[in-house]
Amino acid sequence: MAKDYPASPKAQHLQESKKQRLTYVLVVSALCVAFYVLGAWQNSTMPNPVADSAISRVDCDTVAQRDGSVPSFAPASENVLDFDAHHQLNLSETESVVQQFPACPLNQSEYTPCEDRKRGRLFDRDMLIYRERHCPGKDEQIRCLIPAPPKYKNPFRWPESRDVAWFDNIPHKELSIEKAVQNWIRVEGNKFRFPGGGTMFPHGADAYIDEISKLISLSDGRIRTAIDTGCGVASFGAYLLKRNIITVSFAPRDTHEAQVQFALERGVPAILGVMGSIRLPYPSRAFDLAHCSRCLIPWGGHDGLYLAEIDRILRPGGYWIHSGPPINWKTHHNGWKRAEEDLKREQDKIEDVARSLCWNKVAEKEDLSIWQKPKNHLECADIKKKHKIPHICKSDNPDAAWYKKMESCLTPLPEVSNQGSIAGGEVARWPKRAFTVPPRVKRGTIPGIDEKKFEDDMKLWEKRLAYYKRTTPIAQGRYRNVMDMNANLGGFAASLVKYPVWVMNVVPVNSDKDTLGAIYERGFIGTYQDWCEAFSTYPRTYDLLHADNLFSIYQDRCDITDILLEMDRILRPEGTAIIRDTVDVLTKVQAIAQRMRWDSRILDHEDGPFNQEKVLVAVKTYWTADPSEHS
């Protein structure tokens, strides 16, 4: 076979061809890289709603309350990412897309769908079942926008809001009259003032908490999460906040009009709820402290059912604080207008149930009685030989709480090897607790989540918060009441700890992972929720809603329109919603948001334009009910 020598014409031709192909490849590659970089640069520009000139305020009546309100998004800007299809629409199609939802009548301005009093009257009054959640069926659901009262004003900023609120936002004087002696609330001109009093602490919650702190430590970081049953206007929780204790305060929607609404207007965590026949919507071993101040719950009745439920949600070593009847009955029986024998019998029942739960009374002084749950159940077996009721629960999931009946039984604690160990694992002291791997993650009890994923989640939220701060006024004191509608491990709440906000971390019952117990172990609060139903709160009670892939979870379960209308119901006028999801989902969400009078825009993912997930940021525009409807 003939050889090709370097000097031959054939060899030279081959070398020239190789050089041409190499040059061609290099030129094309360079052009591709250049256009990629150019495209990324053009699409990654991000508007700043605080400073961007494209942002303007909602054009509505300027009233004195508008101080501190967040500006709305302009309807059009060169920065808006446009994912709409631009084919021609006929007139009927156009009208159906852009038609706004009508405003509901003014008499629905405080509508709470699952705690509606008219519907509640259809249910049994025994065990307060009629005050539990009873949500409307499909044929009862309304598709209109809940209006704010005609003179609605943006609430005062925290911490001023703890002590004062606008009368026009919650126009109810009943409590200021009925509880005048107990110093709950006063009307002063066009404002409400909250002196911090309560039924059992007319001299103020601060003084009452000081008395508790003489009996157990409230300042060493061991106690972080608390629950207040029958909270009134939540002054107990409001004043615990300055001691770095965050409280879930709850009360039913009852004859004391708008207690929970007052609490949330003050910027204090609260939720509509009642101890009836259904478990409280919290996981086991969640709270460090539970409190009842004349909350009118029959603690000794129903075979200890209600104290057994408190035991379920208390952390090992946690405290139950009780004041009010029958505590200190020898002193107060005349004022309570009750027979001494009845009060003594009631207290004896409570003490019997507490001992049967293996609790230990640590203090009783004047009007306060404090019990402590054991750190583990090693010694509880001997106690249960003497106290057969309540029996030990047979259920295999103590965290199951959504529409699950309460049981008069003792929830078993995780096993330990020695008497000094804390069942389920010890949590760190606050504030270190917020960033320490929760015991449930360490123990591997949440499928698919380990310590590395927890650490990765914290890093993820450092990046996300930095991005949000460039697009919303999170760091400027605009928001107080925040809800994370799909909280995962509570990373959003953890990223906000240095700001004057609190976060209601919601774990959907439809989620594939139950992380709410770990969220409580981090020192945050939250609740279970099915977003195909309404949330247990009044309208206009949250400043910021965050929904991370929530609609992807629910788009095949129920109509996302109803979820968005619920978001509109609980969001304050000029409040903000941040919604993360795929482009396809967000375009549907944005179309519905437009019909709800929201200004919105879709932004790139924090990692850039080539991530399929995007971020929709929306502001609920300011509008109120027609003043002519005001009676």
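Residues numbered from 1 in each chain as written. Predicted model: local features only at pLDDT ≥ 70, side-chain atom pairs only at ≥ 80, totals over all residues. Heavy atoms only, no water.

### A closer look at the overall build of the protein chain
Basically, it comes down to this: Only runs of H or I of at least four residues qualify as helices and only runs of E of at least two qualify as strands under DSSP, and these elements are numbered from the N terminus. For the accessible areas, the method is Shrake-Rupley and the probe is 1.4 Å, while residue cover comes only from the protein chains on display.
A count of helices and strands for the protein chain gives 18 helices and 19 strands. Just so you have it, the protein chain exposes about 28,700 Å², and 52% of that area is on carbon and sulfur atoms.

### Let's talk about the state of the cysteines
As used in these notes, a disulfide is a covalent bond between sulfur atoms, one from each of two cysteines. Keep this limit in mind: Any two cysteine sulfur atoms within 2.5 Å of one another count as a disulfide. With a 1.4 Å probe rolled over the protein chains alone, any residue whose accessible area is under 20% of its type maximum counts as buried; one over 50% counts as exposed, and the rest are partly exposed.
Here the structure, examined in full by the defined rule, presents six disulfides. The disulfide bridge from Cys114 ends at Cys135, spanning 2.0 Å between sulfur atoms. An S-S torsion of about 110° defines the bridge between Cys114 and Cys135 as right-handed. Of this pair, Cys114 sits in the loop between helix H2 (91–98) and helix H3 (117–120) while Cys135 sits in the loop between H3 and strand E1 (164–166), placing them 21 residues apart in sequence. We classify Cys135 as partly exposed; its relative accessible area is 22%. At a sulfur-sulfur separation of 2.0 Å, the disulfide partner of Cys393 is Cys409.

### Quick notes on the packing of aromatic side chains
Selection rule: Here is the rule: rings of Phe, Tyr and Trp (six-membered ring for Trp) pair when centre to centre is within 6.5 Å. Planes less than 30 degrees apart are stacked, more than 60 are edge-to-face, and the remainder are tilted. Both a distance and an angle decide whether a charge sits over a ring: NZ of Lys or CZ of Arg must be within 6 Å of the ring centre and within 35 degrees of the ring normal.
Enumeration over the complete set of coordinates arrives at 17 aromatic pairs. The interplanar angle of 75° and the centroid separation of 6.0 Å between the aromatic rings of Tyr208 and Phe236 together place this pair among those described as edge-to-face. Of the two residues, Tyr208 sits in helix H5 (residues 205–213) while Phe236 sits in helix H6 (residues 235–240), which places them 28 residues apart along the sequence. Comparing Tyr208 with Phe236 shows no difference in burial state: the two are buried. Through pairs of rings, three or more aromatic residues link up here, namely Phe167, Phe192, Phe194 and Phe262. Across the ring face of Trp430, the terminal group of Arg224 is positioned such that the distance to the ring centre comes to 3.6 Å.

### Topic: the sheet that holds strand E17 (residues 571–582)
Here is the rule: A pair of strands is labelled paired if DSSP reports no fewer than 2 bridges between them. Only the contacting stretch of a helix is used when fitting its axis, a line to C-alpha atoms as for every element, and angles between N-to-C directions run 0 to 180 degrees. The contact rule is simple, with two residues in contact once any of their heavy atoms fall within 4.5 Å.
Ordered by their spatial adjacency, seven strands build an open sheet running E15-E14-E13-E16-E17-E19-E18, and the pairing between neighbours is mixed. Across the chains shown, the open sheet's two edge strands, defined by having one partner strand only, are strand E15 (525–529) and strand E18 (598–603). Averaged over neighbouring strand pairs, the angle between their axes works out to 15° when direction is ignored. Sheet topology note: the strand E14 (residues 502–508)/E15 ladder contains five bridges and is parallel. Note that in E15 the partner of Val507 across the bridge is Tyr528. Strand contacts of helix H13 (residues 451–471): strand E16 (542–548), E17, E18 and strand E19 (613–620), with the helix running at about 130° to E16, the strand carrying the most contacts. In the packing of helix H18 (residues 583–595) onto the sheet, contacts are made with E17, E18 and E19, and the angle to E17 comes to roughly 160°.

### What to know about the packing of helix H17 (residues 560–570) against H18
What counts is decided by this rule: When an angle is under 35 degrees it counts as roughly parallel; over 145 it counts as roughly antiparallel; between 65 and 115 it counts as roughly perpendicular; any other value is oblique. Two helices that cross are described as forming a left-handed crossing if the nearer one is turned anticlockwise from the farther one by less than a right angle, and a right-handed crossing if clockwise. Here the nonpolar group is Ala, Val, Leu, Ile, Met, Phe, Trp, Tyr, Cys and Pro; Asp, Glu, Lys and Arg are the charged ones; every other residue, Gly included, is treated as polar.
Direction vectors running N to C along H17 and H18 enclose 55°, while the axes themselves pass 10 Å from each other. Comparing the axis directions of H17 and H18 gives the class oblique. Judged by the twist between their axes, the crossing of H17 over H18 is right-handed. Between H17 and H18, the contacting residues are Ile560, Thr561 and Leu564 on the first element and Lys588, Val589 and Ile592 on the second. When its residues are assigned to classes, the contact of H17 with H18 shows four nonpolar, one polar and one charged.

### Structural notes on the pairing of strand E13 (residues 481–484)
Neither face of E13 is left uncovered, since the one carrying Asn481 and Met483 and the one carrying Val482 and Asp484 both have all their residues buried. As paired strands, E13 and E14 are joined by four bridges and run parallel to one another. Bridge pairing links Val482 to Val503 in E14. Across three bridges, the pairing between E13 and E16 is parallel. Counted as the bridge partner of Val482 is Leu544 from E16.

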